[in-house]
Amino acid sequence: MPQDAKLEMALKCPIPIADGESILMGHGSGGRMSGDLLRNILLPALQNPVLERLDDQAIVELGGSRIAFTTDSFVVKPLFFPGGDIGTLAVNGTVNDLAMGGAKPLFLSLALILEEGLPLDTLCRVMESIRVAAALANVLVVTGDTKVVEKGSGDGLFVNTSGIGLVSSGVRLSANQARPGDLVLLSGTIGDHGITILSQREGLEFESAVTSDTAALHTLVAAMLDANSDIRCLRDPTRGGLSSSLNEIASRSHVGVELEEDAIPIREEVRGACELLGLDPLYVANEGKLLAIVEPKSAGAILDAMWQHPLGGSAQIIGTITDSHPAVVTIRTRLGTSRIVDLLSGDQLPRIC
Amino acid sequence: MKYLDEYRNGEIAQGIVAKLTRRATRPWVLMEICGGQTHTLMRYGIDEMLPASIELVHGPGCPVCVTSLETIDKAIEIASRPEATLISYGDMLRVPGSRTDLFHVKAQGGDVRVVYSPTEALKFARANPGRKVVFFAVGFETTAPANAMAVWQAKREGLRNFSMLASHVLVPPAIRALLSSTRNRVQGFIGPGHVCTVMGYREYEDLVREFHVPIVVGGFEPLDLLEAILMLVTQLEEGRAAVENQYVRSVTYEGNLRAQEILAEVFEVCDRKWRGIGGIPESGLNLREEYAEFDADRIFGTEGVTADEPAECISAEVLQGLKKPTDCSAFGTRCTPDNPLGAPMVSSEGACAAYYRYRRHAIAVTESH
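Given the structure is predicted, the values throughout are model-derived calculations rather than measurements.

1. Topic: the overall build of chain A
Argument step 1. Tallying secondary structure elements over chain A gives nine helices and 14 strands in all.
Argument step 2. The C-alpha extent of chain A, read off along each of the three principal axes, is 60 × 55 × 45 Å.
Argument step 3. Split into buried and exposed, the 353 residues of chain A put 47% on the buried side.
Argument step 4. Residue pairs in contact within chain A that sit at least 24 positions apart in sequence constitute 83% of those at least 6 positions apart.

This is how it looks when you write it as structure tokens:
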């Protein structure tokens, strides 16, 4: 009986839920609402030290090896877009979550949730993309599952992938390791993926030369770690963009981040689209970029390694870690002034005028 | 980016600030009218660059912020009806009504959609004849012509399932209300560049004559705003009061006559309640009687909806420039963008949200000194 009581206590939701509270789209944005959901509802139910590291992947010791393990679901609309589709995202996204832990990705699982009525041709195209992306990333899809839901219960096709990789013994990357004085490196231009998706959305179609940057980053990571292992933390700034990843690092490491607006590479087309749509590129999603927090003395060697790699050609130092405003990210504008780069509450909303 | 980077040049900005510092011999209180201008001032930290003698207060020009609580409640009520599709600009969705917001209505199954243009709402109405499609038309003279065009087009096509919940507001009556207040502190205005692109600046000459206050129509980039501030301070120091146009690359004296025509065809001037300020006579636009069949307020019978604003919110004082967002005891604690007590904390153009998002660290540093 006492044990049952303990179990019941632990399962009780830790925060009082107001009547009628429900999931909003903002809970999936990667912003503050997502964080609240994680902290208040999900983590309390699952408490364990591995999960509580809250990195993009879990790293566990098994039979003397360090195994990286991660999972990700993909719900993109439209399914196909310039530069890729839901299949390439599902492979690269999970490969990247493993890579951000410094792991060599090895095996993936693939779960498909298919909506009644989905053309088989669509599924074939996505499977072909998955085949190609897995081959390029040198990972094997070794297990899977399919489920079909009634028409109206899904959005054509949802994909989940989980992944396993191996981490070398000397590699310890985590969002809680940034130290004042460290430098912030970014592997290339931001906002390409998010603007590509927006440009294809119903009701918002606009012509754009931008394509999604979806790519598997593990060989770039391997090259960086080979050049110098003094990397504190890696993150791929996906949903919520650069801002969400940096805010997470700032708050997990109790440090401030100071960005230089001029140093952040953004394509002209992406800047233009953001100006027109009233969006800030710092909050727009990427699928093939990484942020690295590194010791200053190692930055040169790591940057060199990035520049040599096809996915790091326009890598830049974009900021520094400071102790002056813990858990806050700021940016120095072109005018020499400084402002906060806050975590958004939910999705970025287009402004009226 | 061409035509934008030129207006964000740090060296030129410093040059204007240096001139401003030489020219300002006394303290001056200036107000930017438009929410887009507030956003730029905060995003680029322009108030940090100005000499201490120049105080900027932030005007009532954020359309999201001044849309009355009862209008939001009406939109929420309409969006909750099973037969209705409410189509809106994105940043209206998070504005709290009396009890809930449109995001929550959407989560409960309400059909709420976001567009960038009212013509998208027309397209949706044509494609979905079984839905009652309502466009939530808020904003100043800037957004009004496109919305007028949508209604005009719907009438021409005989589109029966399209209507509009219109709550447009006008800038000049709001400036008049501010200047008429015995508590007014504002000595010069940065005029709303986009509003004047549509309306021209003829109507601002009456205000200048009546109240002897300089108005400089300004743009939205950092250099636009700095230049407009310099032009205002120059007038004030010289004891002049005139309407001047800084935003010459967009604004003409007459404005966009075609846009004004369609406005006059579809809308008529009406009294309007502003959130945080209250009623201002002849400060809004409603659909004309000839377009009554497109008035969502009538179609859905929401004319009687009324609402009271939360007592703790000082948005009235903030929107009139009497107080800064940081003067509010709830700022950053009980009132944040995640949990706004009032509209200026909701939109990124709202003064409170702009302070919160962009300047919190500077405020914290100043206070700890």
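From this point, the discussion proceeds with the structure in view.
2. Describing the domain arrangement of chain B
All names here are of chain B.
Argument step 1. With domains assigned, chain B is organised as domain 1 (1-312) and domain 2 (315-368).
Argument step 2. Taken together, the contact between domain 1 and domain 2 spans 30 residues of the former and 23 residues of the latter.
Argument step 3. For the side of domain 1 that touches domain 2, the elements supplying multiple residues, two or more each, are α2 (35-43), β2 (54-61) and α4 (63-66).
Argument step 4. Considering every element that reaches the side of domain 1 that touches domain 2, the biggest residue donor is α2, with six residues.
Argument step 5. Here the residues of the side of domain 1 that touches domain 2 sort into 14 nonpolar, eight polar and eight charged.

3. What about the domain arrangement of chain A?
All names here are of chain A.
Argument step 1. In terms of domain boundaries, chain A breaks down into domain 1 (55-172) and domain 2 (183-340).
Argument step 2. Contact residues are listed per partner, giving 23 residues for domain 1 and 20 residues for domain 2.
Argument step 3. Mapped by element, the contributors of at least two residues to the side of domain 1 that touches domain 2 are α3 (86-99), β5 (103-115) and α4 (120-137).
Argument step 4. Broken down by element, the side of domain 1 that touches domain 2 gets its largest block of residues, eight residues, from α3.

4. Here's the deal with the interface of chain B and chain A
Argument step 1. Contact with chain B, which involves 39 residues of that partner, is made by 30 residues of chain A.
Argument step 2. Here the side of chain B that touches chain A takes five residues from helix α16 (residues 351-368) of chain B, the largest share from any one element.
Argument step 3. When grouped by side-chain class, the residues that make up the side of chain B that touches chain A number 16 nonpolar, 12 polar and 11 charged.

5. A short note on the packing of helix α7 (residues 118-127) of chain B against helix α8 (residues 144-157) of chain B
Residues and elements named next belong to chain B.
Argument step 1. It is at 8 Å that the axes of α7 and α8 come closest, and there the two elements cross at 25°. It follows from the interaxial angle that α7 and α8 lie roughly parallel. Helix-helix and strand crossings are classified by hand; for α7 and α8 the assignment is right-handed. Every residue of α8 that contacts α7 at P118, T119, A121 and L122 is listed here: A146, N147, A150, Q153 and A154.
Argument step 2. Looking at side-chain class alone, the contact of α7 with α8 contains six nonpolar, three polar and no charged residues.

6. Focus: the sheet that holds strand β5 (residues 132-139) of chain B
Residue and element names in this part refer to chain B.
Argument step 1. One open sheet holds the six strands; their spatial order is β4-β3-β5-β6-β11-β10, and the pairing between them is mixed. Looking along the sheet, the strands with just one partner apiece sit at the ends: β4 (111-114) and β10 (267-274). Sheet twist, expressed as the mean angle between neighbouring strand axes with direction ignored, is 25°.
Argument step 2. Relative to β5, strand β3 (residues 84-88) is paired through four bridges, and the arrangement is parallel. Residue pairing for β5: T85 is matched across the bridge by V133.
Argument step 3. Packed on one face of the sheet, helix α5 (residues 69-80) meets β3, β4, β5 and β6 (162-169) and runs near 140° to β3.
Argument step 4. Each of β5, β6, β10 and β11 (278-287) is contacted by α8, which is oriented at about 155° to β6, the strand it contacts most.

7. Considerations on the sheet that holds β2 of chain B
Residue and element names in this part refer to chain B.
Argument step 1. Read across the open sheet, the five strands follow the order β2-β1-β7-β8-β9; overall the sheet is parallel. Two strands close off the open sheet at either side, each with one partner strand: β2 and β9 (243-245). The average undirected angle you get between the axes of adjacent strands in this sheet is 25°.
Argument step 2. Of the pairings in the sheet, the one linking strand β1 (residues 28-34) to β2 comprises six bridges and is parallel in character. Paired with V29 across the two strands is E55, which belongs to β2.

8. A short note on the environment of T70 of chain A
All names here are of chain A.
Argument step 1. By the element assignment, T70 lies in strand β2 (residues 65-74).
Argument step 2. For T70, a count of 26 C-beta atoms within 10 Å gives the class buried.
Argument step 3. Those residues in contact with T70 that lie beyond four places of it in its chain are D56, Q57, A58, T94, D97, L98, S162 and G163.

9. Quick look at the pairing of strand β12 (residues 316-322) of chain A
It is a general feature of regular strands that their side chains alternate between the two faces of the sheet.
All names here are of chain A.
Argument step 1. Looking at chain direction, strand β8 (residues 183-186) and β12 are connected through four bridges and run antiparallel. Its bridge partner being in β12, L186 is matched across the sheet by Q316.
Argument step 2. With four bridges connecting them, strand β10 (residues 256-260) and β12 associate as antiparallel partners. Bridge pairing in β12 links E258 to T320.

10. A word on the nonpolar core
Argument step 1. One finds L185 and A292 of chain A together with V134, F136 and M164 of chain B to be the most contacted residues of the largest nonpolar core, which totals 203 residues.
Argument step 2. The leading source of residues in this core is helix α12 (residues 222-237) of chain B, at nine residues.
Argument step 3. In contact with M164 of chain B, other than residues within four places in its own chain, are V134, F135, A137, N147, V151, L287, F294, D295 and A296 of chain B.

11. Some points on helix α2 (residues 32-46) of chain A
All names here are of chain A.
Argument step 1. Look at α2: 20 Å from first C-alpha to last across 15 residues, which is about the 21 Å you get at 1.5 Å a residue.
Argument step 2. The largest bend along α2 measures about 35° and falls at L38.
Argument step 3. Every buried residue of α2 is accounted for by R32, M33 and S34.

12. Concerning unusual backbone geometry
Argument step 1. Of note, the bond from K77 of chain A into P78 of chain A is cis; its omega dihedral lies within 30 degrees of zero at 0°.
Argument step 2. Looking at where P78 of chain A falls in the secondary structure, it is placed in the loop between β2 and β3 (80-81).
Argument step 3. One non-glycine residue with positive phi stands out, namely N138 of chain A, at about 60°.
Argument step 4. In this structure, N138 of chain A sits in the loop between α4 and β6 (140-149).
Argument step 5. Although it is not a glycine, E282 of chain B adopts a positive phi angle of roughly 50°.

13. Looking at the pairing of β4 of chain B
Argument step 1. As judged from the four bridges shared by β3 of chain B and β4 of chain B, these two strands associate in the parallel manner. Pairing of T85 of chain B across the sheet is with D111 of chain B, part of β4 of chain B.

14. With respect to the environment of G241 of chain A
Residues and elements named next belong to chain A.
Argument step 1. Relative to the helices and strands, G241 is located in helix α7 (residues 241-253).
Argument step 2. Since 27 C-beta atoms lie within 10 Å of it, G241 is described here as buried.
Argument step 3. Linking G241 and A315, residues 74 residues apart in sequence, is a C-alpha distance of 16 Å.

15. Digging into the environment of D338 of chain B
Argument step 1. Secondary-structure assignment places D338 of chain B in the loop between α15 (315-319) and α16.
Argument step 2. Taking C-alpha positions, D338 of chain B is 27 Å from T143 of chain B, a pair spaced 195 residues apart along the chain.
Argument step 3. D338 of chain B has contacts with R32 and S345 of chain A, leaving out every residue within four places of it along the chain.

16. Overview of the confidence of the model for chain A
Argument step 1. The pLDDT averaged across chain A works out to 91; a share of 92% of its residues lies at or above 70.
Argument step 2. Within the model, the stretch residues 5-18 of chain A combines pLDDT values under 50 with five contacts to residues more than four positions away or in other chains.

17. Some words on the packing of α3 of chain A against α4 of chain A
Residue and element names in this part refer to chain A.
Argument step 1. Where α3 meets α4, the closest approach of the two axes is 7 Å, and the angle between their N-to-C directions is 30°. Relative to α4, α3 is oriented roughly parallel. Where α3 crosses over α4, the two elements pack in a sense that is right-handed. Seen from α3, the contacting residues are I86, G87, T88, A90, V91, N92 and V95; seen from α4, they are V126, M127, S129, I130, A133, A134 and A137.
Argument step 2. Residue classes in the contact of α3 with α4 are distributed as 10 nonpolar, four polar and no charged.

The rules behind the values
- Residues numbered from 1 in each chain as written.
- Chains lettered and ligands numbered in written order.
- Predicted model: local features only at pLDDT ≥ 70, side-chain atom pairs only at ≥ 80, totals over all residues.
- Helix = DSSP H or I, 4+ residues; strand = E, 2+ residues; numbered from the N terminus.
- Buried ≥ 20, exposed ≤ 12 C-beta atoms within 10 Å, placed from the backbone.
- Contact = placed C-beta atoms within 7 Å.
- Domains from an automatic or database assignment.
- Nonpolar A, V, L, I, M, F, W, Y, C, P; charged D, E, K, R; others polar.
- Axes fitted to C-alpha atoms, helices over the stretch in contact; angles between N-to-C directions.
- Parallel < 35°, antiparallel > 145°, perpendicular 65-115°, else oblique.
- Left-handed = near helix turned anticlockwise from the far one by under 90°.
- Pairing = 2+ DSSP bridges.
- Core = buried A, V, L, I, M, F, W, Y, C linked by C-beta atoms within 7 Å.
- Expected span 1.5 Å × (residues − 1).
- Bend = angle between axes of the 7 residues up to and from the residue.
- pLDDT = per-residue confidence, 0-100.

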